[in-house]
Amino acid sequence: YLITLPAPFGIGFSETGQIGDTIGGITTPVIAFAGIILTFFAFWVQYRANLNQQEDIRNQRKDIKIERFENKFYEMIRLHKENLNEIIVGRKKPVKARRAFITMFEEFKFGYNILKNKYHDSLKKDKSTDEILTEKDLINISYIVFFHGIGSSSNPITLKHLSHYPDKFIKPFIEFLRKVQEFSRNPSKTVENVNTYSYVSSFMPNINYIPFQGHMSRLGHYYRHLWRTMKFVDGQSDININDKYNNYMTMLRAQISSYEQLLFYYNCLSQLGNNWIKGGYLQRYCLVKNMPLP
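Residues numbered from 1 in each chain as written. Predicted model: local features only at pLDDT ≥ 70, side-chain atom pairs only at ≥ 80, totals over all residues. Heavy atoms only, no water.

Draft legend 1. A look at helix H3 (residues 135–148). The first and last C-alpha atoms of H3 sit 20 Å apart over 14 residues, in line with the 20 Å expected at 1.5 Å per residue. Every buried residue of H3 is accounted for by Asp137, Leu138, Ile139, Asn140, Ile141, Ser142, Tyr143, Ile144, Val145, Phe146, Phe147 and His148. Looking at the residues trailing H3, positive phi occurs at Gly149, about 80°. (Helix = DSSP H or I, 4+ residues; strand = E, 2+ residues; numbered from the N terminus. Expected span 1.5 Å × (residues − 1). Buried < 20%, exposed > 50% of the residue type's maximum accessible area, 1.4 Å probe, protein only.)

Have a look at this one:
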């Protein structure tokens, strides 16, 4: 009906076909291009949404993985406490848990003082002997004897670990400790070459058991579990080194008392626990800190 009306302003629809074609030809590319742009943005928004969703899934998986790690880590902390509480030293008046480490450290220090004094005595007697044992050697020898003990069943493994040291120092030292054991069983009894050394009685710790019988059965699984816990934290690729230290290893260190740290420190200095230092774990995670030295 509109098309058949008289043309307004003298322009008839039958005469404007080319104008319409021109307008259509001009606007169609613009509209088509706008449609392309809008379609691109629609796909781009969907693409970003997919990326965000994937990131959320990754974060969720990471959170689940960290949660599982933390559950296992706290379980290992609990097992560490159980291992600690199971440590008992002595029979008549047993010392347990953390207090046992005070007694064991005193025993280790006792053996170290005996070795150091006997070693320097041997150097004074034999002027031709060069001083071939360093402070680290003295600590290593003392700790191995403390850890494995001396006796018919302990001597083979103790001597095996000390085979790279001169026999003229090691065998007399072990023989002397055997006499110290005899002396500690009966302090009133005169034991050859023991009572004559004043430092034996002056260094003798206040312990209620025979020293130098070994603590491998007590400390072996304690240190192995500590090592396993540290390696478990160190092996987490989703956690950066700062978080490993600040969130987990400091918590592990908080479970270790001062005397536990002391004995652990000398364990690391010995050949038995030297991997803590060689691998850089002791330095990286500061597992020994604020020790009561000297």
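From this point, the narrative continues.
Draft legend 2. Region of the structure containing the side chain of Ser154. Mapped onto the fold, Ser154 is located in the loop between H3 and helix H4 (155–161). What makes Ser154 buried here is its relative accessible area of 11%. At 3.2 Å, the side chain of Ser154 forms a polar contact with the backbone oxygen of His148. With residues near it in sequence (within four places) discarded, Ser154 still touches His148, Gly149 and Gln213. (Polar contact = N/O pair within 3.5 Å; in protein donor to acceptor, adjacent residues only side chain to side chain. Contact = heavy atoms within 4.5 Å.)

Draft legend 3. How the structure looks around the nonpolar core. Core analysis: the largest hydrophobic core is formed by 67 residues, its most contacted members being Phe101, Met104, Tyr143, Leu219, Leu263 and Leu287. Looking at this core, the elements that each hand over two or more residues are helix H1 (17–85), helix H2 (97–125), H3, helix H5 (167–185), helix H7 (216–234), helix H8 (241–254), helix H9 (258–269) and helix H11 (281–285). Per-element tally for this core: the top contributor is H2, with twelve residues. In this structure Met104 touches Ile87, Val89, Phe146, Tyr209, His215, Leu219 and Leu263, once residues within four positions along its chain are discounted. (Core = buried A, V, L, I, M, F, W, Y, C linked by side-chain atoms within 4.5 Å.)

Draft legend 4. Local environment of a nonpolar patch on the surface. On the surface, a nonpolar cluster with roughly 830 Å² of combined accessible area is contributed by Phe33, Ile36, Ile37, Phe40, Phe41, Trp44, Val45 and Tyr47. Within the secondary structure, Phe40 is located in helix H1. Owing to a relative accessible area of 47%, Phe40 belongs among the partly exposed residues under this scheme. (Patch = residues over 30% accessible without salt bridge, like charges linked within 9 Å, V, L, I, M, F, W, Y side chains within 5 Å. Areas by Shrake-Rupley, 256 points an atom, 1.4 Å probe, with all protein chains shown as cover. Salt bridge = Lys/Arg side-chain N within 4 Å of Asp/Glu carboxyl O.)

Draft legend 5. The arrangement of unusual backbone geometry in detail. The backbone of Ala97 shows a phi angle near 50°, a positive value even though the residue is not glycine. By relative accessible area, Ala97 is classed as buried at 15%. Phi angles above zero are rare outside glycine, and Phe212 is one such case at about 65°. Summarising the element assignment, Phe212 is placed in the loop between helix H6 (198–203) and H7.

Draft legend 6. Quick look at the packing of H2 against H9. Between H2 and H9, the shortest axis-to-axis distance is 8 Å and the interhelical angle comes to 45°. Viewed along their axes, H2 and H9 adopt a mutual orientation that is oblique. When you trace H2 past H9, the crossing you get is left-handed. For the pair formed by H2 and H9, the contact residues are Arg98, Phe101, Ile102, Met104, Phe105, Glu106 and Phe108 on the first element and Tyr259, Glu260, Leu262, Leu263 and Tyr266 on the second. In the contact of H2 with H9, the residues fall into nine nonpolar, no polar and three charged. (Axes fitted to C-alpha atoms, helices over the stretch in contact; angles between N-to-C directions. Parallel < 35°, antiparallel > 145°, perpendicular 65-115°, else oblique. Left-handed = near helix turned anticlockwise from the far one by under 90°. Nonpolar A, V, L, I, M, F, W, Y, C, P; charged D, E, K, R; others polar.)

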